[in-house]
Amino acid sequence: MLSKKDYSKLTLEELLTEEQKVKRNGTYSAGFIGILIGVMIYGVGKNGFGFLALAIPLFLISVIYKNSQLQKQNLELIQTEISLKK
């Protein structure tokens, strides 16, 4: 899992860097979810409804989604710290 950072101790430059990292991770998460949805559609179209075509991508999508929700919470914390530092 992700380690909790104390964003109040970071400088403004470090906060801006962390904000960019979190935003980039959100973009990657959305891309991976899109790829997994494509894999599901291809698997259903090619092989029908099977375990490999549905269950594994759905599990991975749920894990990525939960992680992206944590990233959104971290982004909100970072943005509030940035607004306090400015």
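A brief look at the structure comes next. Remember, predicted model here, so these are calculated numbers, not experimental data.

What about the environment of Gly38?
(1) Moving on: Within the element layout of this structure, Gly38 appears in helix α1 (residues 12-47).
(2) Moving on: A sequence separation of 15 residues divides Gly38 from Ala53, and the C-alpha atoms of the two residues are 10 Å apart.

Focus: the nonpolar core
(1) Moving on: Membership of the largest hydrophobic core is limited to seven residues, which are Tyr7, Leu10, Leu15, Val22, Leu75, Ile78 and Ile82.
(2) Moving on: Every element with two or more residues in this core is listed here: α1 and α2 (51-85).
(3) Moving on: Beyond its immediate sequence surroundings of up to four residues, Val22 is in contact with Gln71, Leu75 and Ile78.

Comments concerning α1
(1) Moving on: Over its 36 residues, α1 extends 52 Å from the first C-alpha to the last, a length consistent with the 52 Å expected when each residue adds 1.5 Å.
(2) Moving on: Looking only at α1, the buried set comprises Leu15, Glu18, Glu19, Val22, Ser29, Ile33, Leu36, Met40 and Gly43.
(3) Moving on: Packed against the buried residues of α1 are α2.
(4) Moving on: Just downstream of α1, Gly48 is the residue with a positive phi angle, here 85 degrees.

Overview of the pattern of salt bridges
Pairs can form between side chains of opposite charge whenever their charged atoms are close.
(1) Moving on: Per the counting criterion, the structure on display carries three salt bridges.
(2) Moving on: For Lys9, the salt bridge is made with Asp6, and the minimal N-O distance between the two is 3.8 Å.
(3) Moving on: Residue Lys9 is classed as exposed on the basis of its relative accessible area, which comes to 68%.

Parameters and conventions
Residues numbered from 1 in each chain as written. Predicted model: local features only at pLDDT ≥ 70, side-chain atom pairs only at ≥ 80, totals over all residues. Heavy atoms only, no water. Helix = DSSP H or I, 4+ residues; strand = E, 2+ residues; numbered from the N terminus. Core = buried A, V, L, I, M, F, W, Y, C linked by side-chain atoms within 4.5 Å. Buried < 20%, exposed > 50% of the residue type's maximum accessible area, 1.4 Å probe, protein only. Contact = heavy atoms within 4.5 Å. Expected span 1.5 Å × (residues − 1). Salt bridge = Lys/Arg side-chain N within 4 Å of Asp/Glu carboxyl O.

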